[in-house]
Amino acid sequence: MNFFRFLTILLLSVCLGFTALVVAHGDDHSDDHDEHGSEQEHAEAAKGPQGGRLLTQDDFAVEVTIYETEVEPELRLYGYQNGKAIKAKELKLEVTLQRLGEAAEVINFSPELDYWLGDTVIREPHSFEVEIKASYQGKNYEWHYDSFEGRIQLSERSIQKAGIELEQTKAGQIRTQLHLFGVVAAIPEQQVQLGAAYAGLVQQLTVKVGDKVTKGQLVATVQNPASLKSYSVYAPVSGEVTAKYVSVGSRVSEQPLLEISDFSSVYIEMSAFPSDTEMLKVGDGFLVKDLHGHQSALSQISYIAPQMTGGHIARARGVVANPDGHWRPGMHVKTDVTVATIDAPLVINKAALQQWNGKTVIFIRHGDNFEIRMPQLGRADDTQVEVLSGVPLGVEYATTHSFILKADLMKSGASHDH
């Protein structure tokens, strides 16, 4: 029994010793391999006395802060040697910011109070690759780190699957528009009431209401009761029979037989309130749409009534081509009248605008990366808005379904943190 107990203890000791050797060797290898990386991660995550990012090298350190209390965001750097603040002006600093899809931005610094102040406003978002160069007492120091904000990655397949549409920022026009209701009306000069040349009896009517006729087509035959001679009545214009006033056998003298209307073009009669008429003028372009949005057409205002109706409404009208007969007299329509056009150096689609952290943003795309931009917006119309700053010209950005990017960004827990 003692022999078996001794053997068991011996085997257990050997196993424990082997395990300790393996663990010890693994720890040594890990330390050799990751020591520099761990120190770098620790340096990047470290906070300085001012609450900024603390970067160290040997006995020298730089603390990076973005200060934005009651001032536009500015970069402030603090220098330390052996843990003590550096006051000497001989410290030289330079920071390069590389934003997504933009040219590198170099910032120079000058001493102010107990920090060095950058010469550039740090615009939103504060998302960039950062390179810092420092020179102090004959030694040079460099650091590089990523500070990304509001950035997500999305593959081409995911973009297509989500239905996200893309456009490029470009120059455009901002149109001030009035949205007026209207009705389609026949043009009186294109309606003809056709009568008989002589009094007589209607012997024949070859057309009925709704029929299409061409100029010179026979439409009726009338007999003179005195001479018993018949004569033919021909259509003087092409169009559609819109009214019939007599029947076969009717005695006619001066009354019309038929009405023929040419609807190849029609009036769009718009109703404008006094505040609208102040902006309207002859020549203003407008887009007319049926109430179902099935068809639209472009035209210009050709007439504005000098008088208001009893309902304090002024009439404005324009002519639209109607080759297929879609615009039927009596049809109610909507119109968008452009009363002013302004050229803008850069415009974006309003569908791109999203709200993030209380600010209006869009998502620009560069490769597989989407990142927020916070444009300063100017004038706008129904579909576009002018960009004054914050977004470069010619960059690709998300429009339709851009809210999906916002949702992904919120799920990732992205925040405004320096």
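Our subject is the structure that appears above.
Residues numbered from 1 in each chain as written. Predicted model: local features only at pLDDT ≥ 70, side-chain atom pairs only at ≥ 80, totals over all residues. Heavy atoms only, no water.

> An account of the side chain of N369 is requested, with residue identities and associated values reported.
With respect to the helices, strands and loops of the structure, N369 is situated in strand β29 (residues 369–373). Residue class for N369 comes out buried when judged on its relative accessible area of 16%. Within the structure, the side chain of N369 is placed 3.3 Å from the side chain of Q153, a separation counted as a polar contact. Once residues within four sequence positions are removed from consideration, N369 is found in contact with L100, R151, I152, Q153 and I364. (Helix = DSSP H or I, 4+ residues; strand = E, 2+ residues; numbered from the N terminus. Buried < 20%, exposed > 50% of the residue type's maximum accessible area, 1.4 Å probe, protein only. Polar contact = N/O pair within 3.5 Å; in protein donor to acceptor, adjacent residues only side chain to side chain. Contact = heavy atoms within 4.5 Å.)

> Provide a residue-level description of the sheet that holds strand β19 (residues 251–252), including the pertinent values.
An order of β17-β16-β14-β19 is seen for the four strands of this open sheet, with the pairing classed as antiparallel. Of all the strands in the sheet, just β17 (230–234) and β19 have a single pairing partner and so form its edges. As paired elements, strand β14 (residues 200–205) and strand β16 (residues 218–223) share four bridges and run antiparallel to each other. Opposite V202, over in β16, you have V222 as the bridge partner. (Pairing = 2+ DSSP bridges.)

> Describe the environment of S253, listing the residues and the values that go with them.
Locating S253 in the fold gives a position in the loop between β19 and β20 (256–261). Take S253: its relative accessible area is 43%, and that puts it in the partly exposed class. Separated by 58 residues in sequence, S253 and G195 have C-alpha atoms that sit 8.3 Å apart. If near-sequence neighbours (up to four positions away) are discounted, S253 is found in contact with A196 and A199.

Just geometry here; none of it tells us what the structure is for.
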